[in-house]
Amino acid sequence: MPPLSRDQAQHRADDIQAFYREVERLHDEQALLLSPEQIEQLGEHHRQLLADYRTAFDIDSDAQARRLSLGMRIASLLGALALAASLLFFFYQFWGLFPETAQVGILTGFSVGSLLLTLLLRQRAPSGYFTKLAAILAFACFVLNVVMLGQIFNITPSDKALLPWAAYALLLAYACEVRLLLGAGLACIMAFVATRLASWSGLYWLDCTERPEHLLPAGLLIFLVPQFISQARYSGFAAIFRVLGLFGLFVPVLVLATWADGSYLPWSRDLVEVIYQLLGFGGAALAIWLGNRRDWPEVVHTSLLFFVLFLYIKLFDWWWEVMPKYLFFLVLGLVAVLILLVLGRLRRTHKGGQRT
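Residues numbered from 1 in each chain as written. Predicted model: local features only at pLDDT ≥ 70, side-chain atom pairs only at ≥ 80, totals over all residues. Heavy atoms only, no water.

Participant: Help me out: how do you make sense of the overall build of the protein chain in this one?
Facilitator: Regarding its fold elements, the protein chain presents twelve helices and zero strands. Its helices and strands in sequence order give the protein chain the pattern α-α-α-α-α-α-α-α-α-α-α-α, from N to C terminus. Whereas a compact globule of 356 residues would reach a radius of gyration of roughly 21 Å, the protein chain reaches 26 Å, over 25% beyond that. Projected onto its principal axes, the C-alpha coordinates of the protein chain cover approximately 75 × 65 × 40 Å. Looking at the protein chain alone, contacts between residues at least 24 apart form 64% of all its contacts between residues at least 6 apart. (Helix = DSSP H or I, 4+ residues; strand = E, 2+ residues; numbered from the N terminus. Rg over C-alpha atoms; globule rule 2.2 N^0.38 Å. Contact = heavy atoms within 4.5 Å.)

Below is the structure:
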């Protein structure tokens, strides 16, 4: 049997609890009658299994523990952000009081120290809450390290800093299973690809936002990564790849559907906007279909969000000035009802496909 991750162990524990709730209902309905010996044998096996999971992974054994764990995750995130902000403001408050050598030593010490603390907590705290807090703090220290060292030695700002930030974030994300750092690393990669393409096209790298199309290759690449590199060992990682990839694809299309001046396409402004509007509607509809077919709820939800945004923006362009306001909002409401009907049809079709 392959080794389990904490999320897989938690899912198994949740399934065990759901199993006993259903068995109790079936007993009440006289649909399944297990003997006391069978129930005791199952109970003993599951108690031992859950005890092993609690020892190895510190899983949540009941609903109350899950609620507390959610609070701990929120607290760890807020704590990490607060500590990172505290570190940032500390440096900027007292930075000028230290000589240059001390500044370099402090920056290096904070980066190395936060990394060692993360590795230590990873071994000592199986639940991962403190580990994730330390990992986010370590990433913040590394980013601050690169920025401040560049200022100390008067290094010209460059998009190349995005590469070590991305690498460090991804290493910490996979080592400590921190989804926030995975998102940060992928965002750095997308930004680097966009800035490189901007530089190669003759723009200054900070002006990459003037050409939103630079995000499209990175978005497509990130969306496809889970198809070629399995993320099964890391719960939720594949979903983050797909969601960020969709943002990298749909955000430029959404911008260019109303602002053709940022496009490389050599045609008239109206034609370019029409092309990107069709790409937006068609791409979002295709992604919704693909997400529904592959059972990727994050793809369905993200694509539906952008489809609705495309639709409402176009409705605003077409009818806001010519319709009475009450009629305009009535149309928006009817469009929402139509979307619900279409999604309901897709849901029934999906259920029918599962039964067959």
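Picking up where we left off.
Participant: Is there a simple way to explain the packing of helix 7 (residues 179–200) against helix 9 (residues 237–256) in this structure?
Facilitator: Describing two packed helices takes the angle between their axes plus the distance from one axis to the other. It is at 10 Å that the axes of helix 7 and helix 9 come closest, and there the two elements cross at 35°. In this structure, helix 7 crosses over helix 9, and the sense of that crossing is right-handed. Residues R179, L182, G183, L186 and M190 of helix 7 form the contact with helix 9, whose participating residues are F237, I240, F241, L244 and G248. Split into classes, the residues belonging to the contact of helix 7 with helix 9 amount to seven nonpolar, two polar and one charged. (Axes fitted to C-alpha atoms, helices over the stretch in contact; angles between N-to-C directions. Left-handed = near helix turned anticlockwise from the far one by under 90°. Nonpolar A, V, L, I, M, F, W, Y, C, P; charged D, E, K, R; others polar.)

Participant: Could you clarify how one ought to interpret the nonpolar core in this entry?
Facilitator: The nonpolar side chains of soluble globular proteins are, as a tendency, buried together. In terms of nonpolar packing, the biggest core is built from 30 residues, with F139, L181, L182 and L186 touching the most fellow members. Where this core is concerned, the elements lending two or more residues are helix 5 (129–152), helix 6 (162–176), helix 7, helix 8 (215–228) and helix 9. When residues in this core are grouped by element, the largest group, nine residues, is from helix 6. Setting aside residues up to four positions removed in sequence, L181 forms contacts with A135, I136, F139, A169, L172 and A173. Grouped together as the second largest cluster of nonpolar side chains are 25 residues, V253, A284, L311 and V331 included. (Core = buried A, V, L, I, M, F, W, Y, C linked by side-chain atoms within 4.5 Å. Buried < 20%, exposed > 50% of the residue type's maximum accessible area, 1.4 Å probe, protein only.)

Participant: Honestly, the packing of helix 4 (residues 100–124) against helix 6 in this entry has me stumped. Any pointers?
Facilitator: At a closest axis distance of 11 Å, the pairing of helix 4 and helix 6 adopts a crossing angle of 20°. The angle between the axes of helix 4 and helix 6 places the two elements in the roughly parallel class. Note that helix 4 runs across helix 6; the crossing there is left-handed. Touching S111, L115, T118 and R122 of helix 4 are Y168, L172, A175 and C176, all from helix 6. A breakdown of the residues in the contact of helix 4 with helix 6 according to their chemical character gives five nonpolar, two polar and one charged. (Parallel < 35°, antiparallel > 145°, perpendicular 65-115°, else oblique.)

Participant: Which parts of the structure should I look at to understand unusual backbone geometry?
Facilitator: One non-glycine residue, Q30, lies in positive phi territory at about 60°. Residue position: Q30 is located in the loop between helix 1 (6–28) and helix 2 (36–57). Of the residues examined, Q30 reaches a relative accessible area of 57% and is grouped as exposed. A positive phi angle is found at D295, which is not glycine, with a value near 60°. Relative to the helices and strands, D295 is located in the loop between helix 10 (269–294) and helix 11 (297–319).

Participant: I would appreciate a short explanation of the packing of aromatic side chains in the present structure.
Facilitator: Note on aromatic pairs: each is described by the distance of the centres and the angle between the planes. Summed over all chains, the structure comprises 13 aromatic pairs. An angle of 80° between the planes, with centres 6.3 Å apart, marks the rings of F223 and W296 as edge-to-face. With F223 in helix 8 and W296 in the loop between helix 10 and helix 11, the pair connects residues that are 73 residues apart, well separated along the chain. Of the residues examined, F223 reaches a relative accessible area of 11% and is grouped as buried. For W296, a relative accessible area of 10% translates into the label buried. (Phe/Tyr/Trp six-rings, centres within 6.5 Å; stacked < 30°, edge-to-face > 60°.)

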